[in-house]
Amino acid sequence: MTTLPYAPLARYAARLHADIGDRHHVASPLGAWLLLALAAPAATGADRAELAAVLGVDGETAAATATALLDRPHPLVASASAVWHRPGTDTARLAGWWDRLPRATTTGPLPDQAGVDGWAREHTLGLVDRFPLTVSPRVLVALASALATRISWATPFDLVPGTALGPDPDAPDRPAGDPGRPAGGDAGRAGSAWAGRLTRALRTPDHGHRVWIASTGAAGEVAVHAAPAGERDGAGLVVLSVVADPTVPPADVLAAGYELAGAAVDGEPARRSLFDLPLGAGPLGTLREERVRTSAQGGREERHHAVLPCWSARDEHDLTAAGLGFPAVARALGGLLGTEVGVEARQAAVAHYGRYGFEAAAVTGAFALVSIPPEGVRRTAELRFGHPYAVLAVATDRRDGTTGPWHGVPVFSAWVAAPREPEEADLADPPEPA
């Protein structure tokens, strides 16, 4: 079975998140990657090479990976894909590519706006209530993917005061020896502006969650929290939270998360021993040491706790940037159909993280658009002869290929001032032509 190549997806995620920027957001790089993978076998020449570079693997491998994921869905992750065409389109030229799509992919005529909105709701557990693109007569081919999950933590978080997130750096300094002052006395390094805004936060329970400090190439030392959901049919879901020194760029922290993700579902990759780290306050929290009775090997016991906020996000992202691959998809589909097309590509995503669980969904849509004439102006006049008017019967005369003497001569003229009802002869069907 083809498995998802983590490194290519991580590189694509870096491009997507970089395009979105540093603001609070949620996205599904996988949702976008899957659409590119489905379309990749349709590409040739330069477009095929461009998609391979964006996907991180050749088109055939990407398509096989997408098929493996979509045709064997995860029990905790709802997934769906669709490829639609404009009604009336001759799809014979698409058949070779169309026939190789995953069995689970919906195909057929493009639904109306209510239909695609309903598809989005149906395949995202109702979390995304509308499709991110607007259906129009210009849409020639449409691709869509949907991913969604709604899980409960195997063990819920405990609730603690918001101040547990760290000292508020804007609050007045506390005196030395104050229990709330971090060890080492450097309150600024371990502080959190959120602590002054939130009344409650989440703290890991005594069991059921995993917390560790990891050494990463992308972001240096990071704190990692892994919250697992209960398994279903032997499959589960783990939600990782990764925090670094606040001076580390967000792109590098996201990259560290992808660096750890593959191994973190089963273990604690790149784990640092707490006995190799300095005591006191630091950018990841506070490390203290105390004398206890312990059965730990060598008498050195390690414990980890984490405090996190609840959070939610709802976003839409434009995916038409060249580095994200969708312009190449449109050109590839246009090449199959023998016409020049444009592209629209967007993703709608939503997520909620709380004490008892996590839910998230994303719908990614891409439209290959046919060109239409530029917009102009049309005027239409309906002229009404509703009052007295003149009528002239004018002869034409072009006999023998020349202009004759009757040409342009009014033969009869009238002034119409007394209209009448149509007669029976006017109402009869016209005679059959001789």
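Residues numbered from 1 in each chain as written. Predicted model: local features only at pLDDT ≥ 70, side-chain atom pairs only at ≥ 80, totals over all residues. Heavy atoms only, no water.

A. Molecular detail of helix 4 (residues 59-71). For helix 4, spanning 13 residues, the distance from its first C-alpha to its last is 18 Å, which sits close to the expected 18 Å at 1.5 Å a residue. Residues of helix 4 that are buried: Gly-59, Ala-62, Ala-63, Thr-65, Ala-66, Ala-68, Leu-70 and Asp-71. Each element contacted by the buried residues of helix 4 is listed here: helix 2 (29-39), helix 3 (45-55) and strand 1 (78-85). (Helix = DSSP H or I, 4+ residues; strand = E, 2+ residues; numbered from the N terminus. Expected span 1.5 Å × (residues − 1). Buried < 20%, exposed > 50% of the residue type's maximum accessible area, 1.4 Å probe, protein only. Contact = heavy atoms within 4.5 Å.)

B. Up close: helix 2. In terms of residue burial, helix 2 counts as a mostly covered element, since 10 of its 11 residues are buried. Every buried residue of helix 2 is listed here: Pro-29, Gly-31, Ala-32, Trp-33, Leu-34, Leu-35, Leu-36, Ala-37, Leu-38 and Ala-39.

C. Here's a closer look at the sheet that holds strand 5 (residues 200-203). Strands sit in the order 4-5-11 across an open sheet of three strands; the sheet is antiparallel. Looking along the sheet, the strands with just one partner apiece sit at the ends: strand 4 (158-161) and strand 11 (307-308). Alignment of strand 4 against strand 5, held across four bridges, turns out to be antiparallel. Across the sheet, Val-160 pairs through a bridge with Ala-201, a residue of strand 5. (Pairing = 2+ DSSP bridges.)

D. Fine view of the nonpolar core. Membership of the largest hydrophobic core comes to 46 residues, with the highest contact counts inside it found for Trp-33, Val-141 and Phe-326. For this core, the element with the highest residue contribution is helix 2, accounting for eight residues. Ignoring sequence-local partners within four residues, the contact set of Val-141 consists of Val-83, Trp-84, His-85, Leu-94, Leu-333, Leu-337, Ala-366, Phe-367 and Ala-368. The next biggest cluster of nonpolar side chains, apart from the first, holds 22 residues, and it includes Trp-84, Leu-133, Val-139 and Val-363. (Core = buried A, V, L, I, M, F, W, Y, C linked by side-chain atoms within 4.5 Å.)

E. Summary view of the sheet that holds strand 6 (residues 210-216). Pairing in this open sheet of three strands is antiparallel, and the strands run 6-7-8 from one edge to the other. Looking at the sheet topology across the chains shown, the edges are occupied by strand 6 and strand 8 (238-244). Strand-to-strand, the axes of this sheet are offset by a mean angle of 25°, without reference to chain direction. For strand 6 and strand 7 (residues 220-228), the ladder comprises seven bridges, and the chain directions are antiparallel. When the bridges of strand 7 are listed, Val-211 appears paired with His-225. Strand contacts of helix 8 (residues 250-264): strand 6, strand 7 and strand 8, with the helix running at about 120° to strand 6, the strand carrying the most contacts. (Axes fitted to C-alpha atoms, helices over the stretch in contact; angles between N-to-C directions.)

F. The arrangement of the pattern of salt bridges in detail. For the structure shown, the criterion picks out 13 salt bridges. Linking Glu-60 and Arg-48 is a salt bridge whose minimum nitrogen-to-oxygen distance equals 3.2 Å. With Glu-60 in helix 4 and Arg-48 in helix 3, the pair connects residues that are 12 residues apart, well separated along the chain. Taking the relative accessible area as the measure of exposure, Arg-48 reaches 32% and is therefore partly exposed. Between Glu-301 and Arg-303 there is a salt bridge whose closest N-O contact spans 2.8 Å. Here the salt bridges share partners, and the residues they tie into one network are Asp-47, Glu-50 and Arg-331. (Salt bridge = Lys/Arg side-chain N within 4 Å of Asp/Glu carboxyl O.)

G. Layout of the packing of helix 1 (residues 6-20) against helix 2. Where helix 1 contacts helix 2, the axes come no closer than 9 Å and their chain directions differ by 110°. Taken together, the axes of helix 1 and helix 2 are roughly perpendicular relative to one another. For the crossing formed where helix 1 meets helix 2, the hand is right-handed. Counted together, Pro-8, Leu-9, Tyr-12, Ala-13, Leu-16 and His-17 of helix 1 and Pro-29, Leu-30, Ala-32, Trp-33 and Leu-36 of helix 2 form the full contact between these two elements. Here the contact of helix 1 with helix 2 is built from residues that sort into 10 nonpolar, one polar and no charged. (Parallel < 35°, antiparallel > 145°, perpendicular 65-115°, else oblique. Left-handed = near helix turned anticlockwise from the far one by under 90°. Nonpolar A, V, L, I, M, F, W, Y, C, P; charged D, E, K, R; others polar.)

H. A look at unusual backbone geometry. At Asp-233, a position not held by glycine, the phi torsion is positive, near 55°. Looking at the secondary structure, you find Asp-233 in the loop between strand 7 and strand 8. Note on Asp-233: relative accessible area 74%, which makes it exposed. Phi at Ala-270 is positive, roughly 55°, even though this residue is not glycine.

I. Spatial organisation of the side chain of Asp-47. On the secondary structure map, Asp-47 appears in helix 3. At 2.8 Å, the side chain of Asp-47 forms a polar contact with the side chain of Arg-331. Those residues within four positions of Asp-47 in sequence are excluded, and the remaining contacts are Ala-328, Arg-331 and Ala-332. (Polar contact = N/O pair within 3.5 Å; in protein donor to acceptor, adjacent residues only side chain to side chain.)

J. Layout of the confidence of the model for the protein chain. With 82% of its residues at a pLDDT of at least 70, the protein chain reaches an overall mean of 84. Across the protein chain, helix 6 (residues 113-122) holds the top mean pLDDT of 98, while helix 7 (residues 187-190) sits lowest at 44. Across residues 174-189, confidence stays below pLDDT 50; counting only partners more than four residues off in sequence or on other chains, it has 18 contacts. (pLDDT = per-residue confidence, 0-100.)

K. Inspection of the packing of aromatic side chains at higher detail. Counted according to the given criterion, the structure contains 10 aromatic pairs. Taken together, a centroid distance of 5.2 Å and an interplanar angle of 55° make the contact between Trp-153 and Tyr-353 tilted. One end of the pair, Trp-153, is in the loop between strand 3 (139-152) and strand 4; the other, Tyr-353, is in strand 13 (residues 341-353), and 200 residues separate them in sequence. By the burial criterion, Trp-153 is buried, and Tyr-353 matches it. Aromatic rings pair up to connect Trp-153, Phe-157, Trp-311, Tyr-353 and Phe-358 into one cluster. Over the face of the ring belonging to Phe-275 we find Arg-300, whose NZ or CZ atom lies 4.3 Å from the ring centre. (Phe/Tyr/Trp six-rings, centres within 6.5 Å; stacked < 30°, edge-to-face > 60°. Lys NZ or Arg CZ within 6 Å of the ring centre and 35° of its normal.)

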